[in-house]
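# Inside the fold
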Amino acid sequence: MEAMKPGEAVQDDLLSILMESCYEKVPKYQSNSRYLGLTIKEVIDECRLFYFAGQETTAVLLIWTMIMLSKHQDWQSRAREEVLKTFGKNKPDFHGLNHLKIVTMILYEVLRLYPPVLAITRRVSSDMKLGKLSLPAGVTVNLAIVLAHQDEKIWGDDAKEFKPERFSEGISKAIEGSISFFPFGWGPRICIGQNFAMIEAKMAIAMILQRFAFELSPTYAHAPVTFLMLQPQFGAQVILHRL
Ligand code: HEM
């Protein structure tokens, strides 16, 4: 804050933007001053939210992807083939990552079966009707992402099976008009980091596939459990073979 006052240390990153809003719009922190910008507490809360919302979610997406590609070696080979065709052994670039079709299908299917955020909740602010439901003010509605993602009426008898080909023509074709795939939430509060998360996950998976073949260790026990996020309860023991 001190360094920002004379115009130093302002950079084009998230923290600077938050700090700028805080410093420029609320020059003095008096409890009676008109509230225009973020308070320091709000800046800290935003930073915490970004860390919490962005770190663990993408980490568990990557873990489940490694597990699924270990269980389904055919998809691991297809993904590696695509990555090597696109980048060779070079560092993946943004343009190429955006054009990975197989890897994207795999990530969507992992997000469908193992959504890092299992459910989202909303508090009803005033009495309202939602379809046939009457919701009184004050109740909390729980939207179980994982149940919609594995509903056999929507996804078919094989809803619980790993079949990335469901997404071969994109999300809208796979869900055919129903809102039955929302790993990043939906509506005005949809995840602000979803594009970043997908690029980050593609980058990590592509770099692993370029270097390693991998399989599950016999010690791995499949036991998804929720500790805030959906995680493998006993860890993910994966054996890597350098290529
Ligand atoms: C696989 C990765 C991710 C998943 C599955 C995920 C999932 C979600 C979901 C379901 C919500 C909506 C919560 C609600 O409606 O109550 C959300 C919100 C949010 N996410 Fe993510 N997220 C991921 C990655 C990220 C990343 C990488 C960032 C930041 C860099 C991020 C930042 C946020 C923020 C700030 C919100 C709150 C948005 C708001 O309330 O307006 N997320 N995320």
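Here the residue numbering is sequential within each chain, running from 1 through the sequence in written order. Thresholds applied to this predicted model are a pLDDT of at least 70 for local features of residues and 80 or more for the giving and counting of side-chain atom pairs; totals over whole chains, interfaces and linings are not thresholded and use all residues. Side-chain metrics in this entry use all non-hydrogen atoms of the structure; hydrogen atoms and water are not considered.

## What to know about the UniProt feature "binding site: heme" (unreviewed entry) in the chain
For clarity, the cut-off: UniProt positions are given in the numbering used here, feature names are shortened, and annotations may be inferred rather than shown by experiment. Working definition: helices are DSSP H or I runs of at least four residues, strands are E runs of at least two. Numbering for both runs from the N terminus. Burial status follows relative accessibility: with a 1.4 Å probe on protein chains alone, a residue under 20% of its type maximum counts as buried, one over 50% as exposed, and anything between as partly exposed.
Per the UniProt annotation, the sites labelled "binding site: heme" (unreviewed entry) are Cys191. Turning to its location among the elements, cysteine 191 is positioned in the loop between helix H8 (171-175) and helix H9 (194-211). Given a relative accessible area of 29%, cysteine 191 falls into the partly exposed group.

## Digging into the side chain of threonine 58
Put simply, the test is: The criterion used for residue contact is that any of the two residues' heavy atoms lie within 4.5 Å.
Tracing the backbone shows threonine 58 in helix H2 (residues 40-71). The residues touching threonine 58, leaving out its near neighbours within four places in the chain, are Ala197 and Glu200.

## Remarks on the site of the ligand
This is how the line gets drawn: Here, proximity means that at least one heavy atom of the residue falls within 4 Å of the molecule or strand. Pairs of N or O atoms within 3.5 Å make up the polar contacts considered here, provided that, within protein, one atom can donate a hydrogen while the other can accept it, and that residues adjacent in sequence are counted only when both atoms are side-chain atoms.
If you check the shell around the ligand, you find 20 residues, and the closest are Ala53, Gly54, Arg122, Arg189 and Cys191. Within the side chain of arginine 189, one N or O atom sits 2.9 Å away from an oxygen atom of the ligand. Elements with a contribution of two residues or more to the shell around the ligand: H2, strand S1 (119-123) and H9. A total of 7 residues in the shell around the ligand trace back to one element, the largest contributor, which is H2.

## Here we look at the layout of surface pockets
The condition that has to hold: The way it works is a 1 Å grid over only the protein atoms, where trapped points that fit a 1.4 Å probe form a cavity and open points with protein on both sides within 12 Å along at least five of seven lines form a pocket, and then any residue with an atom within 4 Å of a point lines it. Grid points are joined across faces, edges and corners, and a volume is the space filled by probe spheres set on the points.
Of the volumes computed, that of the largest pocket is approximately 1,100 Å³. Taken together, 32 residues line the largest pocket, and the ones lying closest to its centre are Leu49, Ala53, Arg189, Cys191 and Ile192. For the lining of the largest pocket, the elements supplying multiple residues, two or more each, are H2, S1 and H9. Tallying contributions element by element places H2 first for the lining of the largest pocket, with 10 residues.

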